Amino acid sequence: MASLVQEDGSDDVMVVLTCIDRNEQDDFSHNQDEDAVMISTVDVYNWNFPSILKHTTIKVKAQRNRLIEHSSYFHGLLGGNFGNPDLEILVQWNQPTFLSLLASLFGSPVDVTSESFLSLFEGALYFGMEMIISKCMMWLTKAISVNGVPLLQLNDLLSIWEFGSELVNNYLPELCTTYLAKNFIWAMSCSSFVDVPYDLLLSSTKHPNLTVDSEMQLCDALLIWISANKEQYTEDCYINLLKQIRVTLLPLWFASGKKTYQSLSMCCNESYSGVITLLKQPFTMDPLQDNELLNLRIRLTELTQRVDVSCCTQMNPAILLLSVLPFSLNLEPQLRIKFEKSLINHETINAFPWTKWSNLTFEAVYEINLSNCPMLPLKVAIEIISYSFPSLRKLKAANHLSFKTLDVMQLVKKCPLLCDIDLTVDVSPVIPTQVSILSSFLSTSILRSSSIYWHNNPSNITKLILEGRNDIQDFDLRAISNICVSISYISLRGCTSVSDVGISALISKCLKLNSIVACDTSFGQNSVLALCSLNASYDHHPSVKHSGRNIPHGCNLQMLHIGGCKGINLSCFSKLMSQAYMLKNLCLRDTEVVDDVLFNFLGSSLEVSSAVLAHIIGRNPGLKCLKTRGCNNNKFLHHESKNLFFEVVRSCKLEEISVGWGFSYLSLQNLKPSLSSLKEIEVGLGGSLGQDGLKWLPVISPLLESVVLYFQVISDDIIINMLESLKHLKSFSLCHCLGEISSLGFKVRMPNLRKMRLERVAPWMNNVDLVNLTHNCANLIELSLLGCPLLNSESQKIISSGWPGLISIHLEECGEITKNGVVSLFDCCALEDILLRHNGSGIQKGFIHEAVTKLPMLRKISLDVCDAKDRDKDFDIPEVDNRHFLSHVKIARCKSHTHRCIFDPQHVRASTVSIHRETLVLVWDSKHLTTTLVKERV
């Protein structure tokens, strides 16, 4: 074979390169010409790669001088006085890659992608093609710098890192580490994340550009990786990984719950110790070294979009301020003094020298979650986040009781791009339409300043959640309507201090409002009329088309939740339904709305108590949520409803269902195709799935995450089948169920289960059963037990050691758990909600004060005077300044105050709520303490 030829009219010698696949045998066959193709680099732009690659041998005529100029490999072969025409130049390499390399050398653009990078780079490195190496590195550098959707896939990244790790003095591993650190959130979601090599993972967690939403997100990812690689590395490797977690920034419930992980136990204990230290004494920098300060910093990079420090007990203004300061922690003396003052006195943060640095802002951050941070005054935090996060659009700050409406106005002014605010607090247990109030009085309230109306400039707020805020009144709604002119969604659920007139005024002023959540408020006739109104304010807005009809802008209502609202005029509401063609989500729980009103509902989510159900199901092919529990006129069993059910079967894909009267196994079968994507099911009084229905439920709805069963006949076999089959189950509740149920039904490993409620179904449960339950359901964060008379004071220790991360515990009529007081339960340091009733008269008088002192996240306490240890059967209520995070206290009292409630462990089912006489309810908000005595037990 002649390897050197000369093209006609060319001064350059053409070299023939014979390329075969690198996997072919080294002894090149002399019969290669039988399946060979000849191409030339002169015609490189017309190469047809698919056609060329069909041949096993590819001969390429290439210009010798250009090969020598751009390839050190060919320079060595063809340079100097080379002129042997019989020398064969055989290239054994991946044919598509080699052709791409040659094409690039001779002017064709190289296509570097995630899939092709490594093959091109490796080939260019082997053949010494610096120009292509440079192009590959430019692409990789761009891929690392691009924000948004990653250009480099994780599998390809791992291959590049492994290749680079084998080279000497190569910068590929460093670039891969940077890429993984910056795109860590995306990498976590990839199935190949568990295949990331240890060294790469460790180096990325140490990288200053590591970008995660929260420390919990990072910890979860590392634990998943460790679990998948437990046999491949040593315990020291896992500990080194977990040391990168800034444990003081983990949510308290998360850190406490991970105490059972051996590698994390020491870290979690350190986290809780830090919390207690911060609670007991002011936070100063004196005892902290710079490396300790680093562990207090929230991870913020130029790519950070979301910041989530919710439930981080030790989060305070000082830590938030420290996190936005420059990465260098060596503060100059004068600045250190100012910083230390801001740690102790939050007011000095306003005077902090922000202008000293120009890099204190993080432009990419658009969402921040500061919920459940008891040591972080939201008003002070606003001063920091308004300066450091100028692009902030979404703020979630649940359970900040001290935050007032005036502060909302300040927030809107300081964060002008903000459009979504969530200021939810716990809804008061005292809803006037649901309880009989015997007496109620307020403590001295804080006077409201007229300065609330000072800010009149329109804001960008489109969504505002004020759920549970009893301190919101009509004049607050007026102030909100003045500045939130673009609002489309508002939630006032449980805001009992606003009137129907106030709500209607808000509706009339905010013309873009299309979603209203006003359950358990005074929403009534005026509000309905405001929604129906087609006054001149709507004339400037164009109508929209729906089903061929012109619909006025005033009828753009899409969501309306008014459950528990009693002042609704049926005639007006019927008119609203006839106009609300865009309505998709409707809740009318415990209202007086009748069937005829609802015949025009065309929505996708329904919560209603009426016999109109069958009609509505048949007219809603997009139905996702169906709640009919409590409806006693449903026609699930009636022959005339079957056709409508089949219509549902053909068109609906339900995700949530709550049923009761009339729902049976036959109903389940009829709805079978529409339940394949079901995630939540609740079967209440009057519903009966039977043994067959409960057996087939996991087959019909394998994606279930929540199962709540009331008054069902159930057995151990059914429970075992359900718990073993439902791999996604997170919440499981059995309430007042009958049948042969024993501890055998709960001897199933359920690592994903987070919530369990067992009410009147486990009278057999003793401490041994409780221990087994902690082993099988190790990750519970909410536990409710009612009617377990065999438990005793030792059960406290079992619960606290088995579930240290509990945030809610309800124990009622559970033997003698509190006979010797409450001690071990305080080890569940992340508790937010405690209910202890009829568990033994040993609870100390100062229990509430002790609880809020030892449990920094505690917001709700429910007790019964029957369990009080002292003779006067009473509990001390902490002063306002000493209540910490507490918002609700409920103390129930039975009929006979002089005698303890009659409670026979052998006849636990005979006990009813009628033995309770009244409940004292204390509710704190941003203005005052409301003390209410209600007739019912709440």
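Computed from a predicted model, the values in this text were never measured in an experiment.

Quick notes on the overall build of the protein
A count of helical and extended segments in the protein gives 31 helices and 31 strands. Across the 938 residues in the protein, those meeting the buried criterion constitute 55%. A sequence separation of at least 24 residues applies to 72% of the contacts in the protein between residues at least 6 apart. About 40600 Å² of surface is accessible on the protein, with carbon and sulfur atoms providing 51% of the total.

Points about the pattern of salt bridges
Taken as a whole, this structure holds 17 salt bridges when the rule is applied. For K414, the salt bridge identified is with E383, shortest N-O distance 3.5 Å. Placement of the pair is K414 in helix 19 (residues 405–414) and E383 in helix 18 (residues 378–388), with a sequence separation of 31 residues. When its relative accessible area of 28% is taken as the criterion, K414 is described as partly exposed. Between R469 and D471 there is a salt bridge, with its nearest N and O atoms 3.8 Å apart. The class for D471 is buried, based on a relative accessible area of 4%. Each of the salt bridges in this network shares a partner with another, and the network as a whole consists of D426, E832 and R859.

Quick notes on the pairing of strand 21 (residues 680–683)
Looking along a regular strand, one sees side chains alternate from face to face of the sheet. Pairing geometry for strand 20 (residues 656–659) and strand 21, over 4 bridges, is parallel. For S658, the partnering residue across the bridge sits in strand 21 and is E682. Read from strand 20 through helix 26 (residues 665–670) to strand 21, the crossover connection turns out right-handed. Bridging between strand 21 and strand 22 (residues 706–710) involves 4 bridges; their strand directions are parallel. Counted as the bridge partner of E682 is V708 from strand 22. The parallel pair strand 21 and strand 22 is bridged by helix 27 (residues 690–700), and the resulting crossover is right-handed.

Structural notes on the environment of W47
In this fold, W47 is placed in the loop between strand 3 (36–40) and helix 1 (49–52). On the basis of relative accessible area, W47 is assigned to the buried category, the value being 11%. Aside from chain neighbours lying at most four places away, what touches W47 is I39, S40, T41, I52, V60, L99, L102 and A103. Of note is the side chain of W47, whose polar atom sits 3.0 Å from the backbone oxygen of S40.

Section: helix 12 (residues 235–242)
Every buried residue of helix 12 is accounted for by C237, Y238, L241 and L242. Down the axis of helix 12, the buried side of the element spans an arc of 130 degrees, and every buried residue falls inside it.

Side note on a nonpolar patch on the surface
Taken together, the side chains of W661, L685 and F711 present a nonpolar region at the surface, about 300 Å² in accessible area. A relative accessible area of 39% places W661 in the partly exposed class.

Some points on the confidence of the model for the protein
Of all residues in the protein, 78% have pLDDT values of 70 or greater, and the mean over the chain is 81. Confidence drops under pLDDT 50 across residues 1–5; counting only partners more than four residues distant or on other chains, this segment forms 28 contacts. Counted against residues more than four places away or in other chains, residues 897–914, with its pLDDT under 50, gives 27 contacts.

Some thoughts on the packing of helix 29 (residues 767–776) against helix 30 (residues 794–802)
Between helix 29 and helix 30, the least distance of the axes is 9 Å, while the angle of their chain directions is 5 degrees. Between helix 29 and helix 30, the angle falls in the class roughly parallel. Contacts between helix 29 and helix 30 involve N767, L770, V771 and T774 from the first element and E794, S795, I798, I799 and G802 from the second.

Looking at the pairing of strand 24 (residues 755–759)
Sheet analysis places strand 23 (residues 731–735) next to strand 24, joined by 5 bridges and oriented parallel. The residue of strand 24 that forms the bridge with C735 is E759. Summarising the sheet, strand 24 and strand 25 (residues 782–786) pair through 5 bridges and their orientation is parallel. Note that in strand 25 the partner of K755 across the bridge is E782.

Describing the packing of aromatic side chains
Counted under the stated rule, the structure contains 21 aromatic pairs. Ring plane angle 90 degrees and centroid distance 5.1 Å describe the contact between Y73 and F74, whose orientation is recorded as edge-to-face. Summarising the aromatic geometry, the rings of F184 and F193 are spaced 5.7 Å apart at their centres and angled 85 degrees between planes, so their arrangement reads as edge-to-face. Among the aromatic side chains, those forming a connected cluster through ring pairs are Y73, F74, W93, F98, Y126 and F127. Over the aromatic face of F106 sits the side chain of R66, whose NZ or CZ is 5.9 Å from the ring centroid. Over the face of the ring belonging to Y489 we find K463, whose NZ or CZ atom lies 4.8 Å from the ring centre.

Points about the nonpolar core
One finds L67, F74, F117 and L154 to be the most contacted residues of the largest nonpolar core, which totals 91 residues. Apart from the residues lying within four places of it in its own chain, the contact partners of F117 are V112, C136, M137, W139, L140, I160 and L172.

Considerations on helix 28 (residues 716–725)
All of the buried residues in helix 28 are D716, I718, I719, M722 and L723. Along the long axis of helix 28, the arc covered by the buried residues comes to 160 degrees, so they all point the same way. Buried residues in helix 28 make contact with helix 27, strand 22 and strand 23.

Overview of unusual backbone geometry
Notably, N399 is not glycine yet its phi reads approximately 65 degrees, a positive angle. Assignment of secondary structure puts N399 in the loop between strand 8 (394–396) and helix 19. If you check the backbone angles, F711 has positive phi at about 55 degrees while not being a glycine. Mapped onto the elements of the fold, F711 is located in the loop between strand 22 and helix 28. Taking the relative accessible area as the measure of exposure, F711 reaches 43% and is therefore partly exposed.

A closer look at the side chain of D864
Structurally, the position occupied by D864 is in strand 28 (residues 860–864). Notably, D864 is buried but unbridged: the nearest opposite-charge side chain belongs to R837, and the N-O separation is 5.0 Å.

With respect to the state of the cysteines
A full pass over the atoms with the stated rule returns 0 disulfides. In this model C532 remains outside any disulfide bridge; the closest cysteine sulfur is found in C572, 6.6 Å from its own. On the basis of relative accessibility, which here comes to 4%, the residue C532 falls in the buried class.

Some words on the packing of helix 6 (residues 130–145) against helix 8 (residues 172–182)
Two numbers describe how helix 6 lies on helix 8: the axes approach to 9 Å, and their chain directions differ by 25 degrees. Compared by their axis directions, helix 6 and helix 8 come out roughly parallel. Crossing of helix 6 over helix 8 shows left-handed handedness. On the side of helix 6, the interface is formed by M137, L140, A143, I144 and S145, while helix 8 contributes L172, L175, T178, Y179 and K182. Of the residues belonging to the contact of helix 6 with helix 8, the class tally is 7 nonpolar, 2 polar and 1 charged.

About the criteria used
- Residues numbered from 1 in each chain as written.
- Predicted model: local features only at pLDDT ≥ 70, side-chain atom pairs only at ≥ 80, totals over all residues.
- Heavy atoms only, no water.
- Helix = DSSP H or I, 4+ residues; strand = E, 2+ residues; numbered from the N terminus.
- Buried < 20%, exposed > 50% of the residue type's maximum accessible area, 1.4 Å probe, protein only.
- Contact = heavy atoms within 4.5 Å.
- Areas by Shrake-Rupley, 256 points an atom, 1.4 Å probe, with all protein chains shown as cover.
- Salt bridge = Lys/Arg side-chain N within 4 Å of Asp/Glu carboxyl O.
- Pairing = 2+ DSSP bridges.
- Right-handed = clockwise from strand over helix to strand, strands pointing away.
- Polar contact = N/O pair within 3.5 Å; in protein donor to acceptor, adjacent residues only side chain to side chain.
- Arc of directions from axis to C-beta.
- Patch = residues over 30% accessible without salt bridge, like charges linked within 9 Å, V, L, I, M, F, W, Y side chains within 5 Å.
- pLDDT = per-residue confidence, 0-100.
- Axes fitted to C-alpha atoms, helices over the stretch in contact; angles between N-to-C directions.
- Parallel < 35°, antiparallel > 145°, perpendicular 65-115°, else oblique.
- Phe/Tyr/Trp six-rings, centres within 6.5 Å; stacked < 30°, edge-to-face > 60°.
- Lys NZ or Arg CZ within 6 Å of the ring centre and 35° of its normal.
- Core = buried A, V, L, I, M, F, W, Y, C linked by side-chain atoms within 4.5 Å.
- Lys, Arg positive; Asp, Glu negative; His and termini not counted.
- Disulfide = S-S within 2.5 Å.
- Left-handed = near helix turned anticlockwise from the far one by under 90°.
- Nonpolar A, V, L, I, M, F, W, Y, C, P; charged D, E, K, R; others polar.

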